[in-house]
Amino acid sequence: MIEPTVLAAAGQVGEDFFKDRDAGSLCQANNANLFCWDWAKNNIDRYEPFFIQHVELVVISVLIGFVAAFGLALLSRRWSWLRVPFLLGTGVLYTIPSVAFFFLLLPFTGRGRDTAIIALSVYTLQIIYRNTILGLDNVPRASIDAARGMGMTDRQILRKVELPLASPEIVTGLIVATVSTVAIATLAALAGGGGLGEVIVGKEKLGLDFKTNLIIAGGLTIALAIVFGLMLMGVQRMLTPWRRARPA
Amino acid sequence: MAESETGMSAIPVASIEGAIEFIFTPQSSNVTGGKKVGGIDQVIELTLNQLWLTVVALAIALAVALPIGLYLGHRHKWESFAISFGTAGRGIPELILIAFFAAAIGVGFRNVVLALAILGIPPILANAFVGINQVDRSSVDAARGMGMSELEILRKVEIPLAIPTLMGGLRSATIAVVATATIAPYGGYETLGDFIINENVYGENGVLAGAILVALLAVTLELTLAGVQRLLTSPGLKLRPA
């Protein structure tokens with residue numbers, strides 16, 4: 001092994017690239033403390049690839065789920081008899097536990113990230129679909145009539161009147177779906193799908209019963225859920241300027 | 001399933017037929033030293049384990065969340081707390097929760113049940129709040145005018161009118177709890193998830209069988225609760241125009 005200082009001096013890697021993995025390993029071995037600061041300080045970089053995978057899993061799955069659910073909502077708005085089968089269908093899919101879903105796909109897609117993304121996107125359909133329908137239903141009849149009276153086409157009414165007025169409910173659905181997906185994506189590791197669950201049950205796990213590992217992984221997951229939630233709440237605020245104009 | 005000549009090197013690919021066979025007939029395993037795994041007896045045992053875990057966890061969650069949600073809803077207090085608590089609860093990473101309880105408090109039924117109850121509390125509380133909070137104020141005023149006590153108003157007016165929302169909360173909680181009960185083996189309590197998690201014992205067909213059984217259990221519970229909701233919903237509420 002090349003001396004860390006040599007590489008660092010050559011400017012190839014930063015000095016702190018070479019972590020002292022042994023620091024805190026006694027604490028890890030005992031696992032008596034709730035949190036081993038030394039270990040955490042020297043190993044935190046190992047979470048980075050799994051954190052990034054986690055973000056990717058969530059973003060891709062929610063995007064696919066959103067596009068699909070939105071499409072279903074528009075279809076069932078046009079042909080209202082589709083509404084009940086869509087509600088029942090997405091409801092049943094939502095009921096199937098995600099762990100089971102990952103492995104039901106086993107004979108078809110095997111293990112890996114694609115399987116996880118399919119299961120996670122399907123899981124978001126129900127919440128987003130239901131909230132989109134609810135939002136569109138709650139648009140006041142009078143607003144639509146006024147728009148029609150102004151000579152708008154159906155497409156224009158949808159884009160300029162109905163969707164903006166329905167956006168609070170749609171984004172609420174998106175928030176709930178995203179926050180759930182962040183949590184459920186930790187299970188993707190069971191099916192070899194990557195994400196923060198990998199450090200707990202994956203091939204390169206850092207310890208299923210190592211408390212420091214669990215707290216770091218859990219903390220990162222919860223922080224991610226909060227950040228996504230707050231970002232979407234910001235989007236919601238931006239989309240609904242009229243809410244702020246109203247006196248309290 | 002025929003044992004391959006080369007032993008461990010060949011990994012049998014999961015098939016629906018194999019999974020169904022696993023559910024009804026015990027199979028040989030590579031690691032149990034001749035002891036057979038799977039089969040209907042073990043399936044029933046693990047199903048009952050998972051069901052029991054779910055029911056106890058939900059009972060605890062109801063006992064904690066329902067009074068708080070009903071009270072806050074009745075008083076129309078802390079609206080944003082109750083609602084964001086419900087959303088935030090979905091952000092609890094269930095795998096890490098179970099593993100952390102096992103590592104920090106210990107393994108076994110009691111600790112797993114507590115972890116699962118924590119997952120059940122947010123949806124029940126949030127829906128109890130929303131259901132009671134949105135009951136028509138004039139109905140409540142009318143009841144109060146008739147001389148009903150606050151508790152009577154809650155019991156005879158608000159709860160019956162809020163049944164669909166209350167049951168919605170229980171159903172969300174049930175879905176979350178029964179799903180997470182699948183990974184209870186990480187907390188040291190065997191459920192159907194054992195088939196899924198311990199692939200080296202049960203094989204690929206066992207994994208698929210576990211997934212099928214868990215899915216069936218969850219859908220059955222959901223349908224049962226949907227039926228209960230129909231029975232509990234006052235006939236007047238079902239007449240709502242479309």
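Residues numbered from 1 in each chain as written. Chains lettered and ligands numbered in written order. Predicted model: local features only at pLDDT ≥ 70, side-chain atom pairs only at ≥ 80, totals over all residues. Heavy atoms only, no water.

Let's talk about unusual backbone geometry
Residue and element names in this part refer to chain B.
Stage number 1. Of note in the backbone geometry, histidine 76 takes a positive phi value of approximately 55° without being a glycine.
Stage number 2. Positionally, histidine 76 belongs in the loop between α2 (40-75) and α3 (79-89).
Stage number 3. Unusually for a residue other than glycine, tryptophan 78 sits at a positive phi of about 55°.
Stage number 4. Secondary-structure assignment places tryptophan 78 in the loop between α2 and α3.
Stage number 5. The exposure class of tryptophan 78 is exposed, given its relative accessible area of 56%. (Helix = DSSP H or I, 4+ residues; strand = E, 2+ residues; numbered from the N terminus. Buried < 20%, exposed > 50% of the residue type's maximum accessible area, 1.4 Å probe, protein only.)

Some remarks on the interface of chain A and chain B
Stage number 1. Listed by partner, the interface residues are 36 residues for chain A and 30 residues for chain B.
Stage number 2. Between chain A and chain B the total buried area reaches about 2,900 Å² when both faces are included, carbon and sulfur atoms providing 80% of it.
Stage number 3. Here chain A and chain B share two salt bridges between them.
Stage number 4. Across the contact surface, chain A and chain B share four residue pairs in polar contact (both at pLDDT 80 or more). (Contact = heavy atoms within 4.5 Å. Buried area = accessible area lost by both parts, 1.4 Å probe. Salt bridge = Lys/Arg side-chain N within 4 Å of Asp/Glu carboxyl O. Polar contact = N/O pair within 3.5 Å; in protein donor to acceptor, adjacent residues only side chain to side chain.)

Section: the state of the cysteines
Residue and element names in this part refer to chain A.
Stage number 1. Applying the stated rule across the entire model yields one disulfide over all chains.
Stage number 2. Paired through a disulfide, cysteine 27 and cysteine 36 show a sulfur-sulfur distance of 1.9 Å. A torsion of -80° about the S-S bond marks the disulfide between cysteine 27 and cysteine 36 as left-handed. Per residue, the accessibility class of cysteine 27 equals that of cysteine 36, and both read buried. (Disulfide = S-S within 2.5 Å.)

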